[in-house]
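Descriptive structure summary
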Amino acid sequence: MHSDFWILPALLLMGTLFAPLASADEFGFFHEEVMGTALELRVQADNEAAARGAEARVLAEIDRLSAILSSYDPSSRLSQWMNDPGEISNIPTELFEVLRGADHWRETTGGAFDPRVAVFGKLWNASAERGRTPTGNELAKARRLASANAWRLDLKAQTAERIGQTPISLDGIAKGFIIERACAEGLDPNRGVHGLLLNVGGDLRVVGNGFGTIGLAPPKGDSEASEPFTFLEVRNRSVATSGAAHRGWMIDGRWHSHIIDPRSGRPVEAVASASVVAPSGSDADALATALNVLPIAEGLRLVNALAEVECLIVARDGTIHRSDGWGDLERSRPSAPFLADAREPAAVPTESSPISEPRGVWGESFELVVRFEINRPEVEQRRYRRPYVVVYIEDETGHVVRHLLMWVSMSGSGPDQWLPDLLRWYRSDAGRTRIERRNKAYAIGRSTRPPGEYRISWNGKDDKGQPLPEGSYTVFVEAAREHGTHQVIRMPVSIADEPFAEDYEGNVEIKSASVEYRRVGSE
């Protein structure tokens, strides 16, 4: 499933359309380790106090519901209920609703969505640790276990009976449910909060005023600098994306998706990713998973029969398929100036067009990949605020030629008080202006990735989109934390025609960093 689900809450920045109200401003809050990934919260509010109140309510609701629905927390209400077969329980209303939704989508999708798929997830995890795929006998045994009834609901009494020992996971439906409920808690015009965009690991919900433009990251080669291959406009809707770009198993040199067909017990292969727009977060979440499993034509027929639901499916060969009404959501590239990116501007795809993968300079055959991991502060027990981070490239003269990434709060005291703490980078005013504008342009929908781990690809173009010559450059990863430390990792690179890779020691804010100069498509 596209969202491994956890008790811990988190952040993933990339801007949003900024349309301020007459009496409101935009505020941004970012956390790592939220439901096993990263969290970005954008708030349209009258003032900073109102925005921080919305942040507190959103996080509190995520914590409350995670304590009920997490499959990974042994003390969660779900875990307690799963370990108590045979008892008819008055479970929390939220757990009952999610179980009822799971029943609905299991039946509606013909078993393409099924929480009992957890049986196969455990099997593939164990097999991957042994460096092999599951045997035929192991899969047959798992299929027998997964076919057993796992629960029974009494809709009138609102009770749930746990049946047998079949493992279940609500990961593919609970995340969207929690995001929707958290937005409902945060949005409150009476408290000066007029609009929210909540992005948890690439699954989003937009409510109220001020937001709405979403860019979808390409399922292949997705990095923090990837240009969306299409844009859409949503209001009071959820957007969920499921795919295998960031989670799965590498066995004998072959990548296997973490999304498993519950009917066969094998990872899906035909679909690279599926994105769903729906009024309900749990519906979008469950459908995005099911559309990775169903044959594409069957998935499109299902969505076309549903009211107010649309989808876009990217096949493994790169062809793009849309539901009948998806085109009504699509928009042209936002008009705000952008930081030059590794890919050329992406055209809105057609039904049969593959995702364009323009290559970079250096003979159009190489790319530089920068990876880094954010350190968890020792004082934090669960989620933690991400530090301000910028990643940029300097040439031999010390001139900044390319800005790859900027993660900062663009409101409140952030830009004025904390940006100067990014000491080296702050001097580049022109670059800062460009990347600020980009960050306010759109939010990114993508398949879920692990918390704190990020990748950026660079094709050798400068901030104006012009190719740079081969030679010596320095990659900087610079981080500063509010009321904390300022850290810099310098990574010298020599760009020529020979691949290389090097790891660098981390620091207080950045746990580790590495660079890899490689041929395009070699991942």
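Before any of the text, the structure's been laid out above.
A brief look at the structure comes next. Keep in mind that this is a model prediction, so the values were computed, not measured.

Cut-offs used in this document
- Every chain is numbered on its own, with residues counted from 1 as its sequence reads.
- Residues qualify for local features only when their pLDDT is at least 70, as the model is predicted, and side-chain atom pairs are given and counted only at 80 or more; totals for whole chains, interfaces and linings, by contrast, use all residues.
- Think of the side-chain values as coming from all heavy atoms in the structure, minus any hydrogens and water.
- A helix here means a DSSP run of H or I that spans at least four residues, while a strand means a run of E at least two residues long, and both kinds are numbered starting from the N terminus.
- Exposed residues in this analysis have more than 50% of their type's maximum accessible area, buried residues have under 20%, and partly exposed residues fall in between, with area computed by a 1.4 Å probe over protein chains only.
- Where accessible areas are quoted, they stem from the Shrake-Rupley method and a 1.4 Å probe; at the residue level, only the protein chains shown are allowed to cover.
- In short, DSSP must find at least two bridges between two strands for them to pair.
- We call two residues in contact whenever any of their non-hydrogen atoms come within 4.5 Å of each other.
- Each reported salt bridge corresponds to a side-chain nitrogen of Lys or Arg within 4 Å of a carboxyl oxygen of Asp or Glu.

Helices and strands together make up the secondary structure of the chain, namely 11 helices and 26 strands. Counting every position in the chain, which comprises 523 residues, the buried fraction comes to 60%. When the accessible surface of the chain is summed, it comes to about 20,200 Å², and 48% of that surface belongs to carbon and sulfur atoms.

We now examine the pairing of strand β19 (residues 388-394). Summarising burial for β19: seven of the seven residues are buried, a large majority. Alternating positions in β19 separate into two faces, Tyr388, Val390, Tyr392 and Glu394 on one and Val389, Val391 and Ile393 on the other, with burial throughout. Here seven bridges tie β19 to strand β23 (residues 471-480), and the two strands are oriented antiparallel to one another. Paired with tyrosine 388 across the strands is alanine 480, a residue of β23. One ladder, built from six bridges, connects β19 with strand β20 (residues 400-407); its direction is antiparallel. Bridged to tyrosine 392 within β20 is histidine 403.

So, on to the environment of glycine 281. Along the chain, glycine 281 falls in helix α7 (residues 281-293). Sequence separation between glycine 281 and arginine 181 is 100 residues; the distance between their C-alpha atoms is 8.7 Å. Setting aside residues no more than four positions away along its own chain, glycine 281 makes contact with Gly176, Phe177, Glu180, Arg205 and Ser238.

As a further point, take the pattern of salt bridges. For side chains bearing opposite charge, pairing can occur when the charged atoms are close. For the coordinates displayed, the defined rule picks out 22 salt bridges. The partner of arginine 237 in a salt bridge is glutamate 308, with the nearest N and O atoms 2.8 Å apart. Here arginine 237, found in strand β10 (residues 237-243), pairs with glutamate 308, found in the loop between α8 (296-304) and β14 (310-315); they are 71 residues apart in sequence, far enough to count as distant. Aspartate 261 is the salt-bridge partner of arginine 263, the closest N and O atoms lying 3.0 Å from each other. Using a relative accessible area of 39% as the deciding quantity, one classes arginine 263 as partly exposed. Of the residues examined, aspartate 261 reaches a relative accessible area of 14% and is grouped as buried.

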